There are 2 protein chains.
Amino acid sequence: MVKHKTSALQESQGVSNSEITNVTSIAKIKSKRKTSLDVDALISGILNNDISALSRGITLIESTNPEHTEKANTLLKSCLPHANKSIRIGITGVPGVGKSTFIEAFGTFLTSISKRVAVLAVDPSSSLSKGSILGDKTRMEALVKDKNAFIRPSAASDALGGVARTTRESIILCEAAGFDVILIETVGVGQSETAVHSMVDFFLLLQLTGAGDELQGIKRGIIEMADAIVINKADGTNLNLAKTTESDLRKTLHLYNDKPSGWTPKVSSCSAIENRGITDIWNIIQEYIEVTTKNKYFNTKRNEQNTFWLLETIKNALTHKFFNNDTVKTELQHQLKRIEQNETTPFAAAEFILQMNPKA
Amino acid sequence: MVKHKTSALQESQGVSNSEITNVTSIAKIKSKRKTSLDVDALISGILNNDISALSRGITLIESTNPEHTEKANTLLKSCLPHANKSIRIGITGVPGVGKSTFIEAFGTFLTSISKRVAVLAVDPSSSLSKGSILGDKTRMEALVKDKNAFIRPSAASDALGGVARTTRESIILCEAAGFDVILIETVGVGQSETAVHSMVDFFLLLQLTGAGDELQGIKRGIIEMADAIVINKADGTNLNLAKTTESDLRKTLHLYNDKPSGWTPKVSSCSAIENRGITDIWNIIQEYIEVTTKNKYFNTKRNEQNTFWLLETIKNALTHKFFNNDTVKTELQHQLKRIEQNETTPFAAAEFILQMNPKA
């Protein structure tokens, strides 16, 4: 086609043109457009209870790519008004206590009474916990196939803070996607219990029969957090032992002070494998909600949890920023040497570094 | 007496002069001179092993009066080169376990083998611990009178950080005053154990016979910290029970991972009242020092502790400063309301507040 050369801006035909636009840039722009469309799609997908959209939404939230931050915030903001309506249950217990089997049984029970159940995991890859949870989905065969269930293993991360944040935000997405019950699994050995306890309404500790808490590797602090202790694997020859353990645990719990919830932690037994005692646990949780809704603790706790995460996030960011300042890093090393040589105390050194007041 | 008026600076006799200098100001200056002299006197007093100077030095360090800060720092700086030579031992256990009686027996034993012993206490007045320790010195009758012993109750404070700092600094003064062994007592219920564990070489947990750790209200984390667990009150009818408890505790300790110290925590029994088993404990501590000096852990730990306190002090100061900023305070309240109304998440709110970047 011959063009009229009425403008110098027009190209001559027949000349092999060099690329005047950057192909990569175009690809980026296209991808950006696609992604921004995706956020809207994600939002409407999630609000329409679409599990696939929910899954992609959580991936967006988990992304450490700074370009995704804004999108993640948009997504969260749109989901927030539809959140906060589920019951959030934390489930912990040492490896071997049968958490996966329990969640399979409990989750299946919940979907059978028309509840939609999301299962999340908080499992910072620590040297302590060794190996991730929810990894072995084969133990949740029925729940995995259940269309009213959503199972999401935790994103791999060394930082508990990061995992905690993404889990908290995943809860919002799950709630916006219409899930009635959110189960948050964690391993009863590390600091993750405190994090999970700070994001759930009800904290359930799974125990085994017999052994005292010191043998089960459960910290006393975790027992203090529990709203219910459930003895799992209460089947076969274990049945009588379960009764003894129940009564032991009740005695132990008696030594603890009253909880601000006005709730007395319950002790119960179940067999996840034989599917017995599962209804009782749901009844306990419902009773808890009734009690704490009446005395207004339910909402008080959620507000306190929000405050906790707000302050915690700020604290972490402040210290992270300060200690990543190059001047601080250098001076820190210098002061540590001075301390080692008895030239200063840690407190005087701290004051010195703080007075540097670096612009981070 | 008539003065020769050879100088205008001389006063006329017989004239009633009005006060040309402010009496209060003079008193202040005098008092200031006295205090600044006092620091030098304190330093030489402390370095000359004078207990009265040590006591006043600790009071200076504990002072929250900003005017005393510089003096306290001067004092510490002068003492530092003479510090670090003692053995620092943390002693914990729930109320009723017999800490005071134990310290009386152990301290008296140490002075009998020509050691000078200082006893400090970390006891943040918390609702949990209820009642201060070392308050009842009547349980330490012999030690109180012992000229080679120095007993110092903790300063009353609600902030563990403050108590921890003054205790850490008191250790420096005690060491400069030539004390060979510093015993730091704390109650085995709060967070103070972690603080004390971070300032001692050896951490000793006192237990009673019989009851499991859950009944004695000891957190598993505290057991994990212990370099030795000593069953106190192993006397009379308790003797056999002590043996059983010892073996139970050894089994429990077996479940714990190896310590970085390369030291296997020891279990022992004693009767502070009958003064039996006390030498064994000292032998255990000496063995620990031998092992950890050989594998260099002893110094590694002290350096790690210094790093911990340096970082901890900075972190606390950073967050304290940030949250005390008026703009931050106002915005924090605003954001908390927004969170409560589901208009934002704690994380987005935190980012917003952090981006305000206030000049504190």
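Residue numbers here run from 1 along each chain, matching the order of that chain's written sequence. Chains and ligands are labelled by the order in which they are written, letters from A for the one and numbers from 1 for the other. Whole-chain, interface and lining totals are the exception, using all residues; otherwise, since this is a predicted model, local features are given only for residues with pLDDT of at least 70 and side-chain atom pairs are given and counted only at 80 or more. Computation of side-chain values covers all heavy atoms of the structure but excludes hydrogens and water.

(A) The sheet that holds strand β5 (residues 202-207) of chain B, seen in detail. Residue and element names in this part refer to chain B. Overall, parallel pairing links the seven strands, which are arranged β3-β2-β4-β1-β5-β6-β7 in an open sheet. Edge positions in the sheet fall to β3 (149-152) and β7 (266-269), since each of these pairs with one other strand and no more. Strand-to-strand, the axes of this sheet are offset by a mean angle of 20°, without reference to chain direction. As paired strands, strand β6 (residues 228-231) and β7 are joined by four bridges and run parallel to one another. Across the sheet, residue A228 finds its bridge partner in β7, namely K266. Paired strands, in this sense, are two strands between which DSSP finds at least two bridges. Numbering goes from the N terminus for both helices and strands, where a helix is a DSSP run of H or I of at least four residues and a strand is a run of E of at least two. An axis is simply a line fitted to the C-alpha atoms; with a helix, the fit covers only the stretch in contact. Between two such axes, the angle follows the N-to-C directions and lies from 0 to 180 degrees.

(B) Looking closely at the relation of the copies chain A and chain B. Least-squares fitting of chain A to chain B yields an RMSD of 0.2 Å, with the superposition described by an axial translation of 0.0 Å and a rotation of 180°. The superposition of one copy onto the other is thereby described by a two-fold rotation axis. Take the interface residues of chain A: 98% of them recur as interface residues in chain B, which is what a same-surface contact looks like. What sets the superposition is a least-squares fit of C-alpha atoms, and only residues with pLDDT of at least 70 in both copies go into it. Contacts are residue-level and defined by heavy atoms, with any inter-residue pair within 4.5 Å sufficient.

(C) Representation of the pairing of strand β1 (residues 87-93) of chain B in the model. Residue and element names in this part refer to chain B. Counting buried positions along β1 gives seven out of seven residues, so the element sits mostly inside the fold. Three exposure classes are used, based on accessible area relative to the maximum for each residue type with a 1.4 Å probe and protein chains only: buried under 20%, partly exposed in between, and exposed over 50%. The side-chain alternation of β1 yields two buried faces, one formed by I87, I89, I91 and G93 and the other by R88, G90 and T92. Pairing analysis gives seven bridges linking β1 to strand β4 (residues 181-187), with the strands arranged parallel. By the bridge assignment, R88 is partnered in β4 with I182. In the sheet, β1 pairs with β5 via four bridges, with the strands oriented parallel. What sits directly across from G90, in β5, is F203.

(D) Broad picture of the sheet that holds strand β4 (residues 181-187) of chain A. Residues and elements named next belong to chain A. Sheet architecture is open: seven strands sit in the order β3-β2-β4-β1-β5-β6-β7, paired in parallel fashion. At either margin of the open sheet sits one strand with a lone partner, and together these are β3 (149-152) and β7 (266-269). Within this sheet the neighbouring strands show an average axis-to-axis angle of 20°, counted without direction.

(E) Region of the structure containing the confidence of the model for chain A. Residue and element names in this part refer to chain A. By definition, pLDDT measures how confident the predictor is in each residue, and it falls between 0 and 100. Scored by pLDDT, chain A comes out at a mean of 82, with 77% of its residues at no less than 70. Mean pLDDT in chain A bottoms out at helix α1 (residues 23-47), which sits at 75, and peaks at helix α10 (residues 278-294), which reaches 96. A low-confidence stretch, residues 1-12 (pLDDT under 50), is modelled with seven contacts involving residues beyond four sequence positions or located in other chains. Residue range residues 126-132 is modelled with pLDDT below 50. Its contacts to residues more than four positions away, or to other chains, number seven contacts.

(F) Looking closely at the environment of K296 of chain A. If you trace the backbone, K296 of chain A turns up in the loop between α10 and α11 (297-323). The spacing of K296 of chain A and S261 of chain A is 35 residues in sequence and 8.9 Å in space, taken between C-alpha atoms.

(G) Looking closely at the side chain of R168 of chain A. Position of R168 of chain A among the secondary structure elements: in helix α6 (residues 160-176). Charge convention: Lys and Arg are scored as positive, Asp and Glu as negative, and His as well as the terminal groups of each chain are ignored. Here, a salt bridge means any Lys or Arg side-chain nitrogen found within 4 Å of an Asp or Glu carboxyl oxygen. No salt bridge is formed by the buried R168 of chain A; the nearest opposite charge belongs to E169 of chain A, separated by 7.8 Å. Looking at R168 of chain A, its side chain comes within polar contact range of the side chain of N306 of chain A, at 2.6 Å. Every residue in contact with R168 of chain A, bar those within four places of it in the chain, is listed here: S198, M199, Q305, N306 and W309 of chain A together with P346 and F347 of chain B. Between N or O atoms, a polar contact is any pair within 3.5 Å; within protein, one atom must be a potential hydrogen donor and the other a potential acceptor, and residues adjacent in sequence are included only when both atoms are from side chains.

(H) A look at the packing of aromatic side chains. Whether two aromatic rings pair depends on their centres lying within 6.5 Å, for rings of Phe, Tyr and Trp, where Trp uses its six-membered ring; planes under 30 degrees apart make the pair stacked, over 60 edge-to-face, and the rest tilted. Counted according to the given criterion, the structure contains 16 aromatic pairs over all chains. Centroid distance F347 of chain A to W309 of chain B: 6.1 Å. Interplanar angle 45°. Geometry classified as tilted. Here F347 of chain A, found in helix α13 (residues 346-356), pairs with W309 of chain B, found in helix α11 (residues 297-323), and the two come from separate chains. Take F347 of chain A and W309 of chain B: they sit in the same class, and that class is buried. Feature note: the residues F102, F106 and W282 of chain A constitute an aromatic cluster, connected by ring pairs. Note that R116 of chain B overlies the ring of F179 of chain B, its terminal NZ or CZ placed 4.2 Å from the centroid. The rule is short: NZ of Lys or CZ of Arg within 6 Å of the ring centre and within 35 degrees of the ring normal puts a charge over the ring. Here the guanidinium or amino end of K266 of chain B rests over the ring plane of W263 of chain B, the centre of that ring lying 4.0 Å away.

(I) Region of interest: the interface of chain A and chain B. Taken together, the contact between chain A and chain B spans 52 residues of the former and 51 residues of the latter. Summing both sides of the interface, chain A and chain B together bury roughly 4,800 Å²; the carbon and sulfur share of this comes to 70%. Taken together, chain A and chain B are joined by two salt bridges. Here E351 of chain A and R165 of chain B are joined by a salt bridge, their closest N and O atoms 3.2 Å apart. Accessible area, probed at 1.4 Å, shrinks when two parts are joined; the buried area is that loss added up over both.

(J) Representation of unusual backbone geometry in the model. Despite not being glycine, K233 of chain A shows a phi value in the positive range, around 60°. Within the secondary structure, K233 of chain A sits in the loop between β6 (228-231) and α9 (238-254).

(K) Spotlight on the packing of α10 of chain A against α11 of chain A. All names here are of chain A. Running from N to C, α10 and α11 cross one another at 85°; their axes reach a closest spacing of 5 Å. The angle between α10 and α11 places the two elements in the roughly perpendicular class. Residues Y288, I289, T292 and T293 of α10 pack against Y297, F298 and K301 of α11. Residues are sorted three ways: Asp, Glu, Lys and Arg are charged, Ala, Val, Leu, Ile, Met, Phe, Trp, Tyr, Cys and Pro are nonpolar, and all the rest, Gly among them, are polar. Here the contact of α10 with α11 is built from residues that sort into four nonpolar, two polar and one charged. Here the angle decides the label: under 35 degrees means roughly parallel, over 145 means roughly antiparallel, 65 to 115 means roughly perpendicular, and every other value means oblique.

(L) Here's a closer look at the environment of L336 of chain B. Note on placement: L336 of chain B falls in helix α12 (residues 326-340). Put simply, L336 of chain B and A349 of chain B are 13 residues apart on the chain and 8.0 Å apart in space, counted from C-alpha to C-alpha. Sequence-distant contacts of L336 of chain B, that is, excluding residues within four places in its chain, are made with T307 and L310 of chain A.

(M) A look at the pattern of salt bridges. Evaluation of the coordinates by the stated rule reveals 18 salt bridges over all chains. Across the salt bridge formed by R165 of chain A and E169 of chain A, the nearest N and O atoms sit 3.2 Å from each other. Taken together, the residues R165 of chain A and E169 of chain A, both in helix α6 and four residues apart, mark about one turn of the helix. Note on R165 of chain A: relative accessible area 22%, which makes it partly exposed. With a relative accessible area of 4%, E169 of chain A lands in the buried category. Notably, a salt bridge pairs D201 of chain B with R302 of chain B, separated by 2.7 Å at the nearest N-O pair. Highlighted residues: D201 of chain B in the loop between α7 (192-197) and β5 and R302 of chain B in helix α11, separated in sequence by 101 residues. Accessibility expressed as a relative area gives 2% for D201 of chain B, which makes it buried. What you see here is one network of salt bridges that share partners, running through R165 and E169 of chain A together with E351 of chain B.

(N) Fine view of helix α4 (residues 99-112) of chain B. Residue and element names in this part refer to chain B. One fewer than the residue count of a helix, multiplied by 1.5 Å, yields its expected span. The first and last C-alpha atoms of α4 sit 19 Å apart over 14 residues, in line with the 20 Å expected at 1.5 Å per residue. Summarising burial for α4: eleven of the 14 residues are buried, a large majority. Following α4 by one or two positions, S114 adopts a phi angle in the positive range, close to 65°.

(O) Representation of the state of the cysteines in the model. All names here are of chain A. Working definition: a disulfide is two cysteine sulfur atoms within 2.5 Å of each other. Counted by the stated rule, this structure contains zero disulfides over all chains. With no disulfide partner, C79 has as its closest neighbouring cysteine sulfur the one in C174, 9.9 Å distant. According to the relative accessible area criterion, C79 is buried, its value standing at 0%.

(P) Region of interest: the packing of α11 of chain A against α12 of chain B. At a closest axis distance of 10 Å, the pairing of α11 of chain A and α12 of chain B adopts a crossing angle of 135°. By the criterion of interaxial angle, the relationship of α11 of chain A to α12 of chain B is oblique. You can see that α11 of chain A and α12 of chain B cross each other, and the crossing is right-handed. Contact with α11 of chain A, carried on its side by N303, N306, T307, L310, L311 and I314 of chain A, involves L332, L336, I339 and E340 of chain B of α12 of chain B and no other residues of that element. When grouped by side-chain class, the residues that make up the contact of α11 of chain A with α12 of chain B number six nonpolar, three polar and one charged. Definitions for this section: a left-handed crossing has its near helix turned counterclockwise from the far helix by less than a right angle. A right-handed crossing has that turn clockwise.

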